[in-house]
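A look at the structure
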Amino acid sequence: MTSRVPENKKVLLEIANNFGTPTYAYNSNRIHSQIETLRKHTAGISSRLLYAMKANSLRPILQQINKEGMGVDAVSPAELELALRIGFAPEHILFSSNNMTDDEMRRAASAGVTINIGELSRLRQYGKTYPGSEICVRLNPRIGAGHHAHVITAGEESKFGISVDQIDDIISVAHEFDLQIIGLHQHIGSGILETRIIWKAISVLLDAALNFPDLKFLNLGGGLGVPYRPDEKPLDMAEWESVIIKPLRKYRAKHPSRNLEFIFEPGRYIVAESGTLLVEVNTLKPSNDRIFAGVDSGMGHLLRPVIYGAHHTIYNLSNPDGVPRTYDVVGNICESADFFARDREVQEIREGDILAIMDVGAYGMSMASEYNLRPLPAEIMILENGDTEIISHRESAEEMIDRIYPELIRQKVQASTSPSRSNIQDRET
Ligand code: LLP
């Protein structure tokens, strides 16, 4: 049976009725409470929180996060540009682009943000271009973790960071160009619900830190998981404090002259549970021993089930008391992989019902595409006082093509139903 009920199911149904589907709705109160929880459980050490904006870069979410005093981790020139335009102070932005180009490096440097470099070749290039300046280095502690192999971002097979085995090389590049390594960074993976593995990697970084006398901060990455499956429990924050925060406090006490600041940069933990994708069931298809519930959205709008086998709870907002049955909830994209859930118990589904696909605030819309030329969902914020704000409208097919190919606007063919009618006539005669 569906294990959880959406926090604001009445508002969600109203949103679907008033604004149609598919629509992403985000609850700003939930974002606030996640930030508060994390703050509470990282208090007691000198710490700073950055938000990994790749999880969800919706304008009002970034504005809220800025207002609530977090900084951001930006990984592309456009993320950086957006963060600056939202009003994040450059000193609260870390730029961690992968395979950084010279142009990206120069943009970030001229914006005055801290640059995080994960390759020796780029470090050398940075040193040549900006000798005598400050820099942060991303290390690979050779320990990785995550909810799926695709999201493990450290360890032997990972492309990220400079291996801790290459610390001597880092130091020699730094000497060559008189660089001050003011930060060390690591991020071992995403969707981690087990604090001990995070600590294991942190302790590698703490040891590595002893080689770098100019350090001002240690960025311990994000990766904090949220429970998606009914059998998953939320991260135990009391354990988080005792396994991670307490030892960090001790480390600081042991090395008082270093006055290090600790940074965490979660994405998922802040926004995942705030988001719901609202879809309408338009096709019920019993076939062999299954029932397919086909909806007006698909893998282009939420890729996680397809690429990670991710579980997102599905709740029938239109029939909350319906007797549960087992469905394959499938999308409208021409790919066999296009499903939201397989063999999933949902309250009885009827054509026309509105389903809430839950916990999609992180890596939902931010990974969406217009594959099959399906326009993206609308996006709506549920504000602190319960009011709703439309952030982006759902485009019609015509609007979408006008945007992609403005040069075709004037050649637009008069909308007509004639082709199908002529087919019918052909058949009738
Ligand atoms: N910092 C860095 C350098 C990262 O690469 C990431 C995520 C984060 C922080 C934030 O990680 P989080 O706290 O959200 O776990 N698309 C995947 C997740 C990919 C995460 C990529 N990096 C998913 O939907 O599960």
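Residues numbered from 1 in each chain as written. Predicted model: local features only at pLDDT ≥ 70, side-chain atom pairs only at ≥ 80, totals over all residues. Heavy atoms only, no water.

Describing the overall build of the chain
When you go through the chain residue by residue, the secondary structure sums to 13 helices and 18 strands. Its C-alpha radius of gyration of 24 Å places the chain within 12% of the 22 Å reference for a compact globule of 429 residues. Over its C-alpha atoms, taken along the principal directions, the chain stretches across nearly 85 × 50 × 40 Å. At a minimum sequence separation of 6, the contacts of the chain that also span at least 24 residues come to 69%. Carbon together with sulfur atoms contributes 48% to the accessible area of the chain, which is approximately 19800 Å² in total. When the 45 basic and 56 acidic side-chain charges of the chain are each reduced to a single mean position, those positions are 3 Å apart. (Helix = DSSP H or I, 4+ residues; strand = E, 2+ residues; numbered from the N terminus. Rg over C-alpha atoms; globule rule 2.2 N^0.38 Å. Contact = heavy atoms within 4.5 Å. Areas by Shrake-Rupley, 256 points an atom, 1.4 Å probe, with all protein chains shown as cover. Lys, Arg positive; Asp, Glu negative; His and termini not counted. Charge placed at Lys NZ, Arg CZ, Asp CG, Glu CD.)

Here we look at a nonpolar patch on the surface
Together, L373, I401, Y405 and L408 make up an exposed nonpolar region whose accessible area comes to about 350 Å². Tracing the backbone shows L408 in the loop between α12 (397-404) and α13 (418-428). Note on L408: relative accessible area 37%, which makes it partly exposed. (Patch = residues over 30% accessible without salt bridge, like charges linked within 9 Å, V, L, I, M, F, W, Y side chains within 5 Å. Salt bridge = Lys/Arg side-chain N within 4 Å of Asp/Glu carboxyl O. Buried < 20%, exposed > 50% of the residue type's maximum accessible area, 1.4 Å probe, protein only.)

Considerations on the packing of aromatic side chains
The description of two aromatic rings rests on the distance between their centres and on the angle between their planes. Under the criterion given, the structure shown has 3 aromatic pairs. Considering the side-chain rings of Y24 and Y26, the 6.0 Å spacing of their centres and the 10° angle between planes classify their relative orientation as stacked. Taken as a pair, Y24 and Y26 share a single burial class, namely buried. Here the guanidinium or amino end of R304 rests over the ring plane of Y228, the centre of that ring lying 4.8 Å away. Directly above the aromatic system of F339 lies the positively charged group of R342, at a separation of 4.1 Å from the ring centroid. (Phe/Tyr/Trp six-rings, centres within 6.5 Å; stacked < 30°, edge-to-face > 60°. Lys NZ or Arg CZ within 6 Å of the ring centre and 35° of its normal.)

Quick word on the site of the ligand
Not every one of the 20 residues close to the ligand is listed here, only the nearest: H147, S190, E265, R304 and Y363. Within the side chain of K54, a nitrogen or oxygen atom sits 3.3 Å from an oxygen atom of the ligand. Separating an oxygen atom of the ligand from a backbone N or O atom of G223 is a distance of 2.8 Å. Contact with the protein chains hides 92% of the accessible area of the ligand, taken as 590 Å² for the molecule alone. Among the cavities detected, the one that contains the ligand is the largest pocket. Split by residue class, the shell around the ligand holds 6 nonpolar, 8 polar and 6 charged. (Near = heavy atom within 4 Å. Polar contact = N/O pair within 3.5 Å; in protein donor to acceptor, adjacent residues only side chain to side chain. 1 Å grid on protein atoms, 1.4 Å probe; cavity = no way out; pocket = protein on both sides within 12 Å on 5 of 7 lines; lining within 4 Å. Sits in = over half its atoms within 2 Å of the grid points. Nonpolar A, V, L, I, M, F, W, Y, C, P; charged D, E, K, R; others polar.)

Comments concerning the side chain of S163
Looking at where S163 falls in the secondary structure, it is placed in strand β7 (residues 162-163). For S163, a relative accessible area of 18% translates into the label buried. Not counting residues up to four positions away in its chain, the partners in contact with S163 are N140 and R142.

Some thoughts on the nonpolar core
Ranked by size, the top nonpolar core spans 101 residues in total, and within it Y51, L184, L218 and I270 carry the most contacts. Filtering out sequence-adjacent residues up to four positions away, Y51 remains in contact with N56, I61, L62, I65, M70, G71, V72, D73, P266, G267, I270 and V271. (Core = buried A, V, L, I, M, F, W, Y, C linked by side-chain atoms within 4.5 Å.)

Brief notes about helix α2 (residues 28-42)
Taking 1.5 Å as the rise per residue, α2 with 15 residues should run 21 Å; its terminal C-alpha atoms sit 21 Å apart, in good agreement. Capping the start of α2, N27 holds a side-chain oxygen 3.1 Å from the backbone nitrogen of N29, two or three residues further along. Looking one or two residues past α2, G44 carries a phi angle of roughly 95°, positive in sign. (Expected span 1.5 Å × (residues − 1).)

Thoughts on empty space enclosed by the protein
Scanning the model with the defined rule gives 1 cavity of 30 Å³ or more in all. The space that makes up the largest cavity amounts to roughly 40 Å³. For the largest cavity, the full set of lining residues is Q186, I188, I192, I198, A201, I202, L220 and G222. By residue class, the composition of the lining of the largest cavity is 6 nonpolar, 2 polar and no charged. (Points joined across faces, edges and corners; volume = space filled by probe spheres on them.)

Everything listed here is a matter of geometry and, on its own, says nothing about what the molecule does.
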